[in-house]
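As a plain string of letters, each chain reads:
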Amino acid sequence: MLYTSWCVVVLAFFFLLLLPFILLGSWLSGSTDKFGLKLAHGAVRLWAILVFTFIGMPIRVDWRFRPERGKAYVYCANHFSYIDIAVAALVVPGLYAFIGKISVRKIPLFGYMYAKLHVMVDRSSSQSRAYSLAKCMRTLAQGRSIVIFPEGGITAKQPPKMVYPFKDGAFSMAVQRQVPIVPITLVNNYRILPDSTPFRMNWEPVRVVFHEPISTDGLTQADVNSLREQAFQVIDNELHKDLTVRA
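In the nomenclature of an unreviewed UniProt entry, the chain corresponds to 1-acyl-sn-glycerol-3-phosphate acyltransferase from the organism Fibrivirga algicola. Recorded in UniProt under Pathway (unreviewed entry), the annotation for the chain is "Lipid metabolism."

Now the structure itself:
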């Protein structure tokens with residue numbers, strides 16, 4: 001409990017310290033030179049670096065693929081823990097946009113930043129899903145990547161067993177824009193910060209795997225199901241490999 005309390009204090013302190021830069025970058029995010037985006041992303045990435053440094057938790061990334069600088073990708077990751085977002089903010093290179101729940105908009109200050117920099121969706125509304133997909137397409141066209149949790153949120157009941165099947169959105173947009181899909185396995189975040197009560201942070205080095213990209217060149221919407229299955233299997237195999245090693 002003491003370690004959990006320390007983690008919360010560190011997270012909040014550095015977020016408040018860097019909030020002016022994040023908000024300024026968010027406000028300027030529409031500039032054509034991308035200065036605002038770079039400022040906001042840099043401040044968020046610095047926040048994540050400081051948080052993980054001061055809580056003494058190393059992040060170990062297995063780079064089986066190194067993304068090209070300036071190239072857009074659709075990054076698909078499993079999602080079992082609220083720490084996933086902080087980890088992704090640190091390890092995903094370049095400029096990107098998360099896809100998150102529209103309810104985040106209600107959080108003071110943070111909601112403004114999230115709405116300006118990222119893509120919000122109300123999954124219960126077909127109109128909202130269509131609008132979000134269009135915004136993702138524009139984001140990819142601008143050379144920014146998309147980071148998405150294709151399970152549709154933290155919905156798994158028995159991590160590391162993922163929710164099956166993945167949602168189609170990530171794969172549909174990747175096909176439409178002909179950009180590669182990069183599966184990411186967040187190997188052990190569910191053990192570090194379980195989605196359970198009571199709230200507890202457990203110390204363990206964070207492990208992340210960037211897998212080889214899945215090409216969408218020449219593919220159509222008819223291939224979406226195949227892409228979805230392929231990405232699921234890549235991530236699922238890595239999660240099971242970790243279980244086997246630990247057994």
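Having seen it, we continue.
Student: Please clarify how a nonpolar patch on the surface should be interpreted in this entry.
Tutor: Together, W6, V9 and F54 give the surface a local cluster of nonpolar side chains, amounting to about 310 Å² of exposed area. Here W6 shows up in helix 1 (residues 2-27).

Student: Please clarify how the UniProt feature "domain: Phospholipid/glycerol acyltransferase" (unreviewed entry) in the chain should be interpreted in this entry.
Tutor: Taking the numbering used here, the UniProt-annotated feature "domain: Phospholipid/glycerol acyltransferase" (unreviewed entry) corresponds to residues 73-189. Span residues 73-189 is 37% helix and 20% strand, its end C-alpha atoms 23 Å apart.

Student: When you look at the environment of L243 in this model, what are you seeing that I'm missing?
Tutor: The residue L243 is located in helix 8 (residues 224-246) in this model. In this structure L243 comes out as partly exposed when scored by relative accessible area, which is 35%. Considering only alpha carbons, one finds L243 and P108, 135 residues apart in sequence, at a separation of 39 Å. Ignoring anything within four residues of it in the chain, the contact list for L243 reads P160 and Y190.

Student: What's the story with the pairing of strand 5 (residues 145-148) in this structure? I'm lost.
Tutor: Both faces of the sheet carry side chains from a regular strand, because those side chains alternate between them. Residues S145 and V147 of strand 5 are buried on one face, and the alternating residues I146 and I148, pointing to the opposite face, are buried as well. Bridging between strand 2 (residues 74-77) and strand 5 involves three bridges; their strand directions are parallel. Bridged to Y75 within strand 5 is V147. Pairing of strand 3 (residues 96-101) with strand 5, which is carried by three bridges, proceeds in the parallel orientation. Across the sheet, the residue bridging to A97 is I146, located in strand 5.

Student: Looking at this structure, how should I read the environment of H118?
Tutor: By secondary structure assignment, the location of H118 is in the loop between helix 4 (110-117) and strand 4 (119-121). For the pair H118 and G100, spaced 18 residues apart in the sequence, the C-alpha separation amounts to 7.7 Å. Not counting chain neighbours up to four residues away, the residues in contact with H118 comprise Y96, A97, F98 and K135. In this structure the side chain of H118 is engaged in a polar contact, spanning 2.9 Å, whose partner is the backbone nitrogen of F98.

Student: Hey, could you run me through the packing of aromatic side chains in this one?
Tutor: Any aromatic ring pair is given by two values, namely how distant the centres are and how the planes are angled relative to each other. In the structure shown here, the tally under the stated rule is 13 aromatic pairs. Ring centres 5.7 Å apart and planes at 45° place the aromatic pair Y73 and Y75 in the tilted group. With respect to burial, Y73 and Y75 carry one shared label: buried. Considering the side-chain rings of F166 and F232, the 5.0 Å spacing of their centres and the 65° angle between planes classify their relative orientation as edge-to-face. Of this pair, F166 sits in the loop between strand 5 and helix 6 (169-177) while F232 is found in helix 8, placing the two residues 66 residues apart along the sequence. Using a relative accessible area of 7% as the deciding quantity, one classes F232 as buried.

Conventions we followed
- Residues numbered from 1 in each chain as written.
- Predicted model: local features only at pLDDT ≥ 70, side-chain atom pairs only at ≥ 80, totals over all residues.
- Heavy atoms only, no water.
- UniProt positions renumbered as here; feature names shortened; annotations may be inferred.
- Patch = residues over 30% accessible without salt bridge, like charges linked within 9 Å, V, L, I, M, F, W, Y side chains within 5 Å.
- Areas by Shrake-Rupley, 256 points an atom, 1.4 Å probe, with all protein chains shown as cover.
- Salt bridge = Lys/Arg side-chain N within 4 Å of Asp/Glu carboxyl O.
- Helix = DSSP H or I, 4+ residues; strand = E, 2+ residues; numbered from the N terminus.
- Buried < 20%, exposed > 50% of the residue type's maximum accessible area, 1.4 Å probe, protein only.
- Contact = heavy atoms within 4.5 Å.
- Pairing = 2+ DSSP bridges.
- Polar contact = N/O pair within 3.5 Å; in protein donor to acceptor, adjacent residues only side chain to side chain.
- Phe/Tyr/Trp six-rings, centres within 6.5 Å; stacked < 30°, edge-to-face > 60°.

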